[in-house]
Amino acid sequence: MELVNSTTSAMRPYPMEELAKIKANLSKAGKPIFDFGTGDPKIPTWAPIRDAMLNAVPQISQYPSVKGSESLREAQWGYLTRRFGINKSTDIGIIPAQGTKEAIFNIGLCLIGREGKKHLVYPDPGYPVYRASALYAGGIPYPVRVTKETNFRLEPWNLPTEIQKSTAAIWINHPHNPTGATASFDYWQQVIDWCHKTNTILLSDDCYVDIYDTSLDTNIIKDPRKDRRPLTPLQQSSDRVLTFMSLSKRSGLTGYRSGMIAGDSRIINAILQARANFGVGSPDFIQAAAQVAWSDETHVEERRKIFTHRLNLAAPYLQKLGLLDAMPEAAFYLWCRIPKSFSGDDVKFILALAEQGIITSPSTWLSEGMKGYFRLAMVPDDQATIEAMEILSKFVAKHS
Ligand SMILES: Cc1ncc(COP(=O)(O)O)c(C=O)c1O
């Protein structure tokens, strides 16, 4: 008897659940845990954000609007203009999201099948929700392996012609989870031109766009051709372009579930109607907190300092061990090779490392079959990072 449909029964366990099991066993045994697994850093929320949320909790609770408040949209416009030089225009619409995860998942339901096109193209390794979105929307997932050779950039113009024609939408994610690779102005232009030529919707997962090396804050260049901070394609075109931006990484609001979809107003207006059915209206008190978060950069600069520092603490250990080729360009991950002695078996490696109390994510769980790499999310604090790197160094030395 089938109690659930085949898409559901074929779902692979979500990687974080696997990690949770390993961690539970470790804590049962009373061992210290250094958790570099999930990208969910434990940094206190900036007080004005928390206060705005608390002050907005109403006496009487009512349904939030799917469109969100005018004042939140103003704050989001302020951010887009300040950070990216994107000026207010009727060509661009904005709607709030309950975190980008739901928006990434639900957009598949709105786009797959348009013009009879069924494929959803996305980078591999990458965020696993792109695939789930395609499957649940009755589409065909089309992962494209991205490699160091192209700086982890997906090049859709090299896909088979049939796939290029049948792609409803393409996900691009820079800064890229898990490698931290960024995209240049010229690359974005190529992708935009390809999307226009093939009539594909460009979906840009810009979740990490504000997590970059602090040195770039001292020399902000407004011209996107020269700006070395991560870019969004919305700076170059809004025609068939949607960007998904999050307060999870920028402001550390993972538990608030808050983000936005901004882009082509024709698509935004259409999906607004659809989203009324999805039950994803952002609660008013979360919108109040989000308004404060999008309006301020100081707390984001503080977060960047923390991640830049942690990355610089950990990287030399991994470089010395020959596991890390280069510093990530952005985001807060280190994407490393596993030691040769594990013969490419990244799951075996991370399980063995977990026995030492160090939790990381293997490439197999972050991709569709990519072996030999692992990812560290800079979640533990400075002291724990150093301790963990000492343990990791000894562990690798023992196994080489
Ligand atoms: C690449 C990428 N996109 C989207 C998300 C979802 O973020 P949120 O739903 O918290 O906005 C994540 C979370 O880790 C991510 O790594």
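Structure shown above.
So, how was this worked out
Throughout, residues of each chain are indexed from 1 in the direction in which the sequence is written. With the structure being a predicted model, the display of local features is reserved for residues of pLDDT at least 70 and the display and counting of side-chain atom pairs for 80 or more, all residues being used for whole-chain, interface and lining totals. To obtain the side-chain values, all non-hydrogen atoms of the structure were included, while hydrogens and water were left out. What goes into a patch is any residue over 30% in relative accessible area without a salt bridge, connected to like charges within 9 Å or, for nonpolar side chains (Val, Leu, Ile, Met, Phe, Trp, Tyr), within 5 Å. All accessibility values rest on the Shrake-Rupley procedure with a 1.4 Å probe; residue burial counts only the protein chains present in the view. Think of a salt bridge as a Lys or Arg side-chain nitrogen and an Asp or Glu carboxyl oxygen that are within 4 Å of each other. Only DSSP runs of H or I covering at least 4 residues are called helices, and only runs of E covering at least 2 are called strands; the numbering of each starts at the N terminus. The rule is simple: take the accessible area with a 1.4 Å probe, protein chains only, and divide by the maximum for that residue type; under 20% is buried, over 50% is exposed, in between is partly exposed. One heavy atom within 4 Å of a molecule or strand makes the whole residue count as near it. Any N or O atom pair separated by 3.5 Å or less is treated as a polar contact, with the protein-specific requirement of one donor-capable and one acceptor-capable atom, and with residues adjacent in sequence counted only for side-chain atom pairs. Polar here means any residue other than Ala, Val, Leu, Ile, Met, Phe, Trp, Tyr, Cys and Pro, which are nonpolar, and Asp, Glu, Lys and Arg, which are charged; Gly is therefore polar. Centre distance within 6.5 Å is the pairing criterion for rings of Phe, Tyr and Trp, where only the six-membered ring of Trp is used; planes under 30 degrees apart are then read as stacked, over 60 as edge-to-face, and the remainder as tilted. Pairing between strands is defined by DSSP: at least two bridges between the two strands are required. An axis is simply a line fitted to the C-alpha atoms; with a helix, the fit covers only the stretch in contact. Between two such axes, the angle follows the N-to-C directions and lies from 0 to 180 degrees. Orientation is classified from the angle alone, with under 35 degrees giving roughly parallel, over 145 giving roughly antiparallel, 65 to 115 giving roughly perpendicular, and any other angle giving oblique. Put simply, a crossing is left-handed when the front helix is turned counterclockwise from the back one by less than a right angle, and right-handed when it is turned clockwise. Note on definitions: a residue-residue contact is assigned when non-hydrogen atoms from the two residues lie within 4.5 Å. Only buried Ala, Val, Leu, Ile, Met, Phe, Trp, Tyr and Cys residues count toward a nonpolar core, and they belong to the same one when joined by side-chain atoms within 4.5 Å. Domain start and stop points were drawn from an automatic or database domain assignment.

Draft legend 1. Main features of a nonpolar patch on the surface. Nonpolar side chains collect at one region of the surface, where Met1, Leu3 and Val4 lie side by side and expose about 430 Å² of accessible area between them. The residue Leu3 is located in the segment before helix H1 (6–9) in this model. Judged by its relative accessible area of 72%, Leu3 falls in the exposed class.

Draft legend 2. Examining the site of the ligand more closely. The local shell around the ligand holds 14 residues, among which Thr100, Asp205, Ser246, Ser248 and Arg257 are the closest. Residue Asp205 places a side-chain N or O atom 2.6 Å away from a nitrogen atom belonging to the ligand. Within the side chain of Lys249, an N or O atom sits 2.9 Å from an oxygen atom of the ligand. Coverage of the ligand by the protein amounts to 92% of the 400 Å² it exposes when considered alone. When residues of the shell around the ligand are traced back to their parent elements, those giving at least two are helix H5 (100–111) and helix H9 (247–250). Here the shell around the ligand gets three residues from one element, more than from any other, and that element is H5. Of the residues belonging to the shell around the ligand, the class tally is four nonpolar, six polar and four charged.

Draft legend 3. Spatial organisation of the packing of aromatic side chains. Inspection of the entire model under this criterion finds 18 aromatic pairs. An angle of 50 degrees between the planes, with centres 4.8 Å apart, marks the rings of Tyr79 and Trp294 as tilted. One end of the pair, Tyr79, is in helix H4 (residues 70–84); the other, Trp294, is in helix H11 (residues 284–295), with 215 residues separating them in the sequence. Residue classification places Tyr79 among the buried residues on the basis of a relative accessible area of 1%. For Trp294, a relative accessible area of 1% corresponds to the buried category. Three or more aromatic residues joined by ring pairs make a cluster, and in this case those are Tyr122, Tyr127, Tyr130, Trp171 and Phe244.

Draft legend 4. A look at the sheet that holds strand E8 (residues 259–264). The strand order E2-E8-E7-E6-E5-E3-E4 describes an open sheet built from seven strands, whose pairing is mixed. Taken across any chain shown, the strands that pair with only one partner, and hence form the sheet edges, are strand E2 (92–97) and strand E4 (140–145). With strand direction ignored, the average angle separating the axes of adjacent strands in the sheet is 20 degrees. Relative to E8, E2 runs antiparallel, the two sharing six bridges. Following the sheet pairing, Ile94 is matched in E8 by Ala262.

Draft legend 5. Region of the structure containing the packing of H4 against H11. In the contact formed by H4 and H11, the axes pass within 8 Å of each other and the chain directions differ by 20 degrees. Comparing the axis directions of H4 and H11 gives the class roughly parallel. The handedness of the crossing between H4 and H11 is left-handed. Facing H4, whose interface residues are Ser71, Leu72, Ala75, Gln76, Tyr79 and Arg82, H11 presents Gln287, Ala290, Gln291, Trp294 and Ser295. Classifying every residue of the contact of H4 with H11 by side-chain character gives five nonpolar, five polar and one charged.

Draft legend 6. Inspection of the pairing of E8 at higher detail. Most of E8 is tucked away: six of the six residues are buried. Inspection of the sheet shows strand E7 (residues 241–246) paired to E8 by five bridges, in the antiparallel sense. Paired with Phe244 across the two strands is Ile261, which belongs to E8.

Draft legend 7. Region of the structure containing the side chain of Asn199. Note on placement: Asn199 falls in the loop between helix H8 (185–198) and strand E6 (201–205). In terms of polar contacts, Asn199 uses its side chain to reach the side chain of Glu115, at 3.3 Å. Setting aside residues no more than four positions away along its own chain, Asn199 makes contact with Arg114, Glu115, Lys117, Thr167 and Arg240.

Draft legend 8. Structural detail: the sheet that holds strand E9 (residues 333–337). If you trace the three strands from one edge of the open sheet to the other, you get E9-E12-E11, paired in antiparallel fashion. Sheet topology places E9 and strand E11 (361–362) at the edges, where each strand pairs with a single neighbour. The strands that helix H12 (residues 298–320) touches are E9 and strand E12 (373–377); relative to E9, the one it contacts most, it runs at about 5 degrees.

Draft legend 9. Inspection of the nonpolar core at higher detail. Leu80, Leu202 and Trp294 are the most contacted members of the largest nonpolar core, which totals 48 residues. Broken down by secondary-structure element, the contributors of at least two residues to this core are helix H3 (47–56), H4, E2, strand E5 (167–172), H8, E7, E8 and H11. The element best represented in this core is H8, accounting for seven residues. If you count residues domain by domain, this core takes at least three from each of domain 1 (6–44 + 299–398) and domain 2 (47–296).

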